[in-house]
Amino acid sequence: DYALAGAAYDRAFAVADPGFGPHLERASYSLTVHRLDRVEPDLARIDHYAVPVDAATRSAIVGMRGDLLFYRGRYGEALTLYEQSRALAKGMSSSFRLANYWAKMGDPDLALRYIGEAESGVDRYQQQTQSFLETQRGVIEMSRGRWDKAARHFVRANAIFPGDWRIEEQIGRALALNGEKMTPYFAQLYH
């Protein structure tokens, strides 16, 4: 699917006039597939649009630049951009970036707080996003060795959006890290 998406972006830019095209979307795609060297050129192109972008788009751009710094180990600079992104447009993406940052930097309680903030902006009909955030709660609890709490989050995530491979991946990871011990909550997933 990623290869097909990449080919679609190639076709879109091949037919677009110079300077035009889905730059933000391609930058996001490049981040997703870890082609980090391709992200900034697209973001820089947006900086030169004749019509300035709205606050939500500017927030996304600043957040992606923070991601680039984070992936390169420049954590303090990444945090500054993540906070700027959130100040521009407090929403799911900017809050989740801060949650991920604090989860990786060793403050799981703050990470969970930002997960809650991210979730507060999610519509109840966005089950896949709700499930993703619940899965991330489980990942954070798993990182602390709280297997039952992690399992409860994974069970909830699976109930919200059943069959998502990302939930199953985390359950497998939790079972492997926990010595294949099946907690009662994990057992619920295998009935």
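These figures come from a predicted structure and were not determined experimentally.

Draft legend 1. Examining the overall build of the protein chain more closely. Along the backbone of the protein chain there are 11 helices and 0 strands. In the protein chain, the order of α-helices and β-strands from amino to carboxyl end is α-α-α-α-α-α-α-α-α-α-α. Across its three principal axes, the protein chain shows a C-alpha extent of roughly 55 × 35 × 30 Å. When burial is assessed residue by residue, the protein chain has 40% of its 191 residues classed as buried. Across the protein chain, every contact between residues at least 6 apart in sequence was considered, and the portion connecting residues at least 24 apart equals 45%. About 10,800 Å² of surface is accessible on the protein chain, with carbon and sulfur atoms providing 53% of the total.

Draft legend 2. Region of interest: the pattern of salt bridges. In total, this model carries 15 salt bridges according to the counting rule given. Two residues, Asp67 and Arg97, come together in a salt bridge whose shortest N-O distance is 2.9 Å. Taken together, the residues span a long stretch of sequence, with Asp67 in helix 4 (residues 55-71) and Arg97 in helix 6 (residues 92-104) at a distance of 30 residues. Judged on exposure class, the residue Asp67 and its partner Arg97 are both buried. Taken together, the shared-partner salt bridges connect Glu40, Asp47, Arg58 and Arg65 into one network.

Draft legend 3. A look at the confidence of the model for the protein chain. Residues of the protein chain with pLDDT of at least 70 account for 94%, and the chain-wide mean is 91. Averaged pLDDT values for the elements of the protein chain fall to 60 in helix 11 (residues 184-188) and rise to 98 in helix 5 (residues 75-88).

Draft legend 4. Representation of the environment of Asp67. What makes Asp67 buried here is its relative accessible area of 10%. Along the backbone, Asp67 and Leu81 are 14 residues apart, and their C-alpha atoms lie at a distance of 8.7 Å. With sequence-adjacent residues up to four places away left out, Asp67 is seen in contact with Leu31, Tyr82 and Arg97.

Draft legend 5. Here's a closer look at unusual backbone geometry. In the Ramachandran plot, His34 falls in the positive-phi region, its phi being about 60 degrees despite a non-glycine side chain. Here His34 is to be found in the loop between helix 2 (23-32) and helix 3 (39-47). The exposure class assigned to His34 is exposed, which follows from its relative accessible area of 57%.

Draft legend 6. Structural context of the packing of aromatic side chains. Using the criterion set out here, one finds 8 aromatic pairs in the structure. Where Tyr9 meets Tyr29, the ring centres are 5.5 Å apart and the plane angle is 45 degrees; that geometry is what we call tilted. Pair noted here: Tyr9 is in helix 1 (residues 2-15) and Tyr29 is in helix 2, with a separation of 20 residues, a long-range link. Pairwise contacts between aromatic rings join Phe70, Tyr71, Tyr75, Tyr82, Tyr101 and Trp102 into one cluster. The lysine or arginine in question, Arg26, covers the ring of Phe13, its NZ or CZ lying 3.5 Å from the ring centre. Against the face of Tyr114 rests Arg113, its NZ or CZ located 4.8 Å from the ring centre.

Analysis parameters
- Residues numbered from 1 in each chain as written.
- Predicted model: local features only at pLDDT ≥ 70, side-chain atom pairs only at ≥ 80, totals over all residues.
- Heavy atoms only, no water.
- Helix = DSSP H or I, 4+ residues; strand = E, 2+ residues; numbered from the N terminus.
- Buried < 20%, exposed > 50% of the residue type's maximum accessible area, 1.4 Å probe, protein only.
- Contact = heavy atoms within 4.5 Å.
- Areas by Shrake-Rupley, 256 points an atom, 1.4 Å probe, with all protein chains shown as cover.
- Salt bridge = Lys/Arg side-chain N within 4 Å of Asp/Glu carboxyl O.
- pLDDT = per-residue confidence, 0-100.
- Phe/Tyr/Trp six-rings, centres within 6.5 Å; stacked < 30°, edge-to-face > 60°.
- Lys NZ or Arg CZ within 6 Å of the ring centre and 35° of its normal.

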